[in-house]
Amino acid sequence: MTRYSGGLIDRSREITFRFDGRSYRGHPGDTLASALLANGVRLMGRSFKYHRPRGVLSAGSEEPNALVELREGARQEPNTRATMAELYDGLVARSQNRVGSLSFDALAVNDLLAPVFAAGFYYKTFMWPRTFWEKLYEPMIRRAAGLGSLSGLPDPDAYDRGYLHCDLLVIGGGAAGLAAALTAGRSGARVILADEDFRLGGRLLAESDPLDDAPAADWVARTEAELRTMPNVRILPRTTVFGVYDHGIYGAVERVADHLPVPDDRVRQTLWRITARRSVLAAGATERHIPFADNDRPGIMLAGAMRAYANRWAASPGIARDAPVAIFTNNDDGHRTARDLIARGARVAGVIDTRPKAAQTTAYEVFAGGLVTGTRGRLGLRSIRVVHDGRERWIDCAALGVSGGWNPVVHLASHHRGRPVWDQDIQSFVPGQGGPQGLVPAGACAGRGSTAAALADGARAAQSALTEIGIGSAAPDLPRAEDAPVRQAAFWHVAGKGRAWVDFQNDVTVKDIALAHKENMRPVEHLKRWTTLGMATDQGKTSNVTALAVMAELTGRTIPETGTTIFRPPYTGVSLSVLGGGATGPDFRPTRLTPTHAWARAQGAVFTEVGQWMRAQYFPRAGETHWRHSVDREARAVRSDVGLCDVTTLGKIDVQGRDAGLFLDRIYANTIATLKVGRVRYGLMLREDGFLYDDGTCARLAEDRYVVTTTTANAGLVYRNMEFARQCLWPDLDVQLISTTDAWAQIAVAGPKSRALLERIVDGADLSNDAFPFMACRELTVCGGLRARLFRISFSGELAYEIAVPARYGHALMQRLVEQGADLGVTPYGTEALAVLRIEKGHAAGAELNGQTTAAMIGLGRMVSRKKDAIGAIMSRREGLAADTRRLIGLQPVTPGQSVSAGAHLFARGAPQDTAHDQGWITSACHSPHLGHSIGLGFLEQGHTRMDEVIVAANPVAGETVELRVVSAQFIDPEGGRLRD
Amino acid sequence: MTDLASHTAFGAAQPRDRTIGALALTERPDIALASLTLRAGSRAPAPFGLDLPGPGGLAEGEGVAAFWSAPGQWMIEAPGRAESDFAAEVVRAVGDTGGTDVSVTEQTDGFVAFDIVSRHGPAPLDALLERLVNLDPALWGPGRATRTVLHHMSVFVLRRDASRVTIWGIRSAAGSLWHALDAALTRQNVGGYP
């Protein structure tokens, strides 16, 4: 072990975990990264492209290198940052992106080929031959370059979502965030404090500087304890606020059970949508590294991370407690690391400070004006090459801390296209104007990074945010804290030979940036895409600013002139499981069931999805071995006896008001206002552009009341469009609309014996043809006083009705009709027979009303009334639509036994089968049990004038060509006598 | 009286209910519902003596309640009267109070109602609701009702008192709504929530 004494880990308990098959020990409070370091493990992963051995770079969510596959089996989670994985007993992790073992990765051969794998290599190399891309190049590249792997198994865990509201959301629980939360909490404001860490404190936990002469962790604990007593404050640890969305809504993921071996009955993670009146962004800062040759060996890490491991986790960065450690810095922070390490008992081999006037100390050797220009150690750092005073020397060390200054974490502040601005004084980007409204950056993320400044700034930001929403607050007494000035120097990389890594995760070097410059990929956005810098799981948190600075140096421009990229959500990766909010499989979206669903299920119905609805498709009976047996039987029963079909799913809109008729005249293409009370009319609705979009019936129940029926698919759309028309187009009309689709169970009773059946259930109503003719409707009672609505309408072409009762009685009504109709041969039928019947009758349905067809095309052009205006009427007469001469026709095979296939395109015999000669297409097809052969409906050029002509239907997908005869679309009873009998 | 048996939105004879921890979830097929919409130029009536509430409001009367659902539109509820022609009763009730011009539509079976009642005060209910609907509890106390989205379903949520809410969802989606509510209750009870 390489543990120092102290630290914020629970030494009273020891937990075991496995990494790459080996067992190790750690303590509660550890992360996987800290526990590995404490066990002397420096090599934690392989890089993306060159498979270079890599160790941990950081101690936080910015980690580019130490990515592992966490857990096993279905819970295996790739690309997990070891720095964020909270250690638990039995944790299992594996290194990833390797072929062979971590210490011997066969794909490390890529590193030897680095000279040819420079930036832009793929773009240039894999262009030819083009056909090789999909089958050879892409699979090969994906296999060679990549990160972790998925288990391929369904996620066994539960996820949840939720909504929170507060006056002030504090993002980050470090010095600034705690001060902000304390200020706001004491004011009585509703506060949510979220931090991605499992422990509040941020950098206060990583530094040795006291607060009020006591360890900072004491103040953190006291503050947290006080906040927890406040009912108006909610603390969300393990919660990453990953994005800012419109209207003050923040997206956050709470890792509820990620720190447990298995979640048991808990949810694994929760997606929170937080509506905050104001927010304080206290996200802190990420340390910069300094690229120099071979700066990526395991053991080289950020100096601030080294302090965090030493102070918070008591873990030595080297392979042993007394292994020598060196520091390379361009600012005072590197010295802070050296001091802390020495205090912990480490041996500091020297601090190489790029500043020629760096202060000397007796505690360790300072190489003022020195540079690190190279390193040795294949799987872990052994020594560094230092140039100092014109001399070059190798210094042995097991770890090197690098500090190039700090980058404020401006991500969330730039989510609404708020562009960060360059602060020349601190050589950093800080949040600019124009970011999310109501978000106030504070502390290190605003460039105020000393502990004292961060504490004060957090309190100030909270006060300022609360003042804006009328909540008074007082600044709390804040502890005395270090207040070292932030002095950051413009020293961005060490020039020289060898590869100096800028983006560790994407293996982008200073040379790659120089190449991008040479190839004129100079705008920042081009640089990113050309080199892949800043992509993948870390999104360039440790590389973006350094890359910009290198590009600025190459172009001779300033950093602000070079530009900056802005950041999009999410701040860190968010799993799709939690984004889905926990709904999976059949629960992924709502399902709607008809009132007779339970009855149909009991009958053994096979169901089909129609939008959100589940509808009975057919009702198999014993002995029927193919769906066609059932469907043919059901369709025949309707034409010979009587059938029953639940048609509740059709949309029903109740339209009332003094101007209801006038309103519907404007909605429907045909005239409705003249419809008499007690009658039904078929209607067409057009889009504004003149195309058909829905059809259905409209029944007039009273002078000032209609019921509009829509297709199942368009029920919501028609209602929405009608509401828009009512509220926005014609608010002067007196019309009231409300959907009643679910309120009424509606059953189609179709077939020559339908009247006889209905006469057995209505309470004395006269259903004779004279009293209740085709297209009549009335309100009546059935089955001893139950209110009902009866419509004499037909989709099948037979004598038919639809009867509606309150939905709760739909089930019993269906049962009653089945009982009462037993001697009439009553037969339930599903959507499949429904489709057969309507194709035989030539009724247009969804396949014909596909948004590309007109009223004229389905043979109903004259329904678009010229006596009044209606939505889409004028546009339907425009040249482009009026000139469309394709018409709905029926089709049947010339050779008996051949099939009509929906989707096939129609051509004249002998004509080339290409777009120029396309004459139409087949919309619907089925086997007609009444005709005994396949039939279809389709649109054909001048179809209505081509009866009996033989044409060709080509189905290139199936390689079929069939000769079809053009016939009337009404295969059954073209005169329409049956439905009027 | 019809001899047809009524079925719940789940196709069952009896309503569903489930008690998990402090919270009881109960299907309420007995509540009648009708929409009442003012016609142009009409003033708000006071059916059954109800003072029809403003936006976001819920007014409870004797055996009847009303909540605002759109400008000039309310839903009128009546527990225990679902099997009657409640819409006709609303029309009569409006006529009895001076006869203003309104449109009334039967809505009882357009929806399914679930009561959620806490035996231990508002805290468990608030914890549950924050998993279900995007409503700010500070602005959504007793006497408030709103239309919102719950698991991609349109619902009315009524806060009858601190420890009781009613959720009106689409009747045909009752199964999906029950699943969402039941799953949230179950998780709350196993301590998955704070």
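It should be emphasised that the depicted structure is a prediction, and the values quoted were computed from it without experimental measurement. Residue numbers restart at each chain and count upward from 1, following the sequence in its written direction. Whichever chain is written first becomes A and whichever ligand is written first becomes 1, with later ones labelled in order. Totals for whole chains, interfaces and linings use all residues, but because this is a predicted model, local features are given only for residues with pLDDT of at least 70 and pairs of side-chain atoms are given and counted only at 80 or more. To obtain the side-chain values, all non-hydrogen atoms of the structure were included, while hydrogens and water were left out.

### Considering the overall build of chain A
Logical step 1: Numbering of helices and strands runs from the N terminus, with a helix taken as a DSSP run of H or I at least four residues long and a strand as a DSSP run of E at least two residues long. Counting secondary structure elements, chain A contains 24 helices and 48 strands.
Logical step 2: Projected onto the principal axes, the alpha-carbon positions of chain A cover approximately 115 × 70 × 55 Å.
Logical step 3: The criterion used for residue contact is that any of the two residues' heavy atoms lie within 4.5 Å. Once local pairs closer than 6 in sequence are excluded, the contacts in chain A between residues at least 24 apart make up 66%.
Logical step 4: In this tally, Lys and Arg are treated as positive and Asp and Glu as negative; His is ignored, and so are the chain termini. To locate a charge, the coordinates of NZ of Lys, CZ of Arg, CG of Asp or CD of Glu are taken. Charged side chains in chain A number 113 positive and 106 negative. The centres of these two groups are separated by 2 Å.

### A short note on the sheet that holds strand β9 (residues 144-150) of chain B
All names here are of chain B.
Logical step 1: Paired strands are those between which DSSP finds at least two bridges. Within the open sheet, the six strands sit side by side as β1-β2-β8-β11-β10-β9. Their pairing is antiparallel. Taken across any chain shown, the strands that pair with only one partner, and hence form the sheet edges, are β1 (17-20) and β9. Mean inter-strand twist for the sheet, computed between neighbouring axes without regard to direction, equals 20 degrees.
Logical step 2: Where strand β10 (residues 153-161) meets strand β11 (residues 164-170), six bridges bridge the pair, whose relative direction is antiparallel. Bridge pairing in β11 links V155 to G169. Here, axes are lines fitted to C-alpha atoms. For helices the fit covers the stretch in contact, and angles between N-to-C directions go from 0 to 180 degrees.

### Digging into the environment of T591(A)
Logical step 1: Within the fold, T591(A) resides in the loop between α14 (576-579) and β29 (592-593).
Logical step 2: When the C-alpha positions of T591(A) and F663(A) are compared, they lie 33 Å apart, and in sequence the two are 72 residues distant.

### What to know about the packing of aromatic side chains
Logical step 1: Pairing of aromatic rings covers Phe, Tyr and Trp, the last counted by its six-membered ring, and requires centre-to-centre distances within 6.5 Å; plane angles under 30 degrees mean stacked, over 60 mean edge-to-face, and any other angle means tilted. Taken as a whole and judged by the stated rule, the model has 18 aromatic pairs over all chains.
Logical step 2: Each ring, one from F772(A) and one from Y801(A), has its centre 6.3 Å from the other, and the planes form 10 degrees; the classification is stacked. Taken together, the residues span a long stretch of sequence, with F772(A) in the loop between α19 (754-759) and β39 (777-782) and Y801(A) in strand β41 (residues 800-806) at a distance of 29 residues. The burial state of F772(A) is the same as that of Y801(A); both residues are buried.
Logical step 3: Each ring, one from F114(B) and one from W178(B), has its centre 5.6 Å from the other, and the planes form 55 degrees; the classification is tilted. Here W178(B) lies in helix α3 (residues 174-189) and F114(B) lies in strand β8 (residues 111-118), a separation of 64 residues in the sequence.
Logical step 4: According to the relative accessible area criterion, F114(B) is buried, its value standing at 0%. The buried label goes to any residue with under 20% of its type's maximum accessible area, the exposed label to any with over 50%, and the partly exposed label to all in between, with areas taken from a 1.4 Å probe on protein chains only.

### Observations concerning a nonpolar patch on the surface
Logical step 1: Side chains of V109(A), L112(A), L113(A) and V116(A) sit close together on the surface and give an oily, nonpolar patch of about 380 Å² of accessible area.
Logical step 2: According to the relative accessible area criterion, L112(A) is exposed, its value standing at 72%. Only residues whose relative accessible area exceeds 30% and that form no salt bridge are eligible for patches; like-charged ones are grouped when within 9 Å, while nonpolar side chains (Val, Leu, Ile, Met, Phe, Trp, Tyr) are grouped when within 5 Å. To be clear on the numbers: accessible area is Shrake-Rupley with a 1.4 Å probe, and residue cover counts the displayed protein chains and nothing else. Within this document, salt bridges are pairs made up of a side-chain nitrogen of Lys or Arg and a carboxyl oxygen of Asp or Glu, the two lying within 4 Å of each other.

### Re the packing of helix α7 (residues 303-311) of chain A against helix α8 (residues 333-344) of chain A
Residue and element names in this part refer to chain A.
Logical step 1: At a minimum axis distance of 9 Å, the contact between α7 and α8 shows a crossing angle of 25 degrees. The angle between the axes of α7 and α8 places the two elements in the roughly parallel class. The element α7 and its partner α8 pack so that their crossing is left-handed. Residues A303, G304, M306, R307, A310 and N311 of α7 lie in contact with α8, whose contacting residues are D333, R336, T337, D340, L341 and R344. An angle below 35 degrees is treated as roughly parallel, one above 145 as roughly antiparallel, one from 65 to 115 as roughly perpendicular, and anything else as oblique. Handedness of a crossing is defined here by the sense of rotation of the near helix relative to the far one, left-handed for an anticlockwise turn of less than a right angle and right-handed for a clockwise turn.

### What to know about the state of the cysteines
Residues and elements named next belong to chain A.
Logical step 1: Cysteine sulfur pairs qualify as disulfides if the two atoms are within 2.5 Å. In the structure shown here, the tally under the stated rule is zero disulfides over all chains.
Logical step 2: With no disulfide of its own, C645 lies 15 Å from the sulfur of C926, the closest cysteine sulfur.
Logical step 3: Residue class for C645 comes out buried when judged on its relative accessible area of 3%.

### Focus: the domain arrangement of chain B
Residues and elements named next belong to chain B.
Logical step 1: What marks off one domain from the next here is an automatic or database domain assignment. According to the domain assignment, chain B consists of domain 1 (17-29 + 110-190) and domain 2 (32-108).
Logical step 2: For domain 1 and domain 2, the distance between their C-alpha centroids amounts to 23 Å.
Logical step 3: On the side of domain 2, 15 residues touch domain 1, which itself brings twelve residues to the contact.
Logical step 4: At the junction of domain 1 with domain 2, the criterion picks out two salt bridges.
Logical step 5: We note a salt bridge from R160 to E60, for which the minimum N-O separation is 3.2 Å.
Logical step 6: Residues adjacent in sequence count toward polar contacts only when both atoms are side-chain atoms; beyond that, a polar contact is any pair of N or O atoms within 3.5 Å, and within protein one must be able to donate a hydrogen and the other to accept it. At the junction of domain 1 with domain 2, the criterion picks out eight residue pairs in polar contact (both at pLDDT 80 or more).
Logical step 7: When residues of the side of domain 1 that touches domain 2 are assigned to their parent elements, the largest contribution, four residues, is made by β10.
Logical step 8: Gly is put with the polar residues, along with every residue not named as nonpolar or charged; the nonpolar set is Ala, Val, Leu, Ile, Met, Phe, Trp, Tyr, Cys and Pro, and the charged set is Asp, Glu, Lys and Arg. Per-class residue counts for the side of domain 1 that touches domain 2 are six nonpolar, two polar and four charged.

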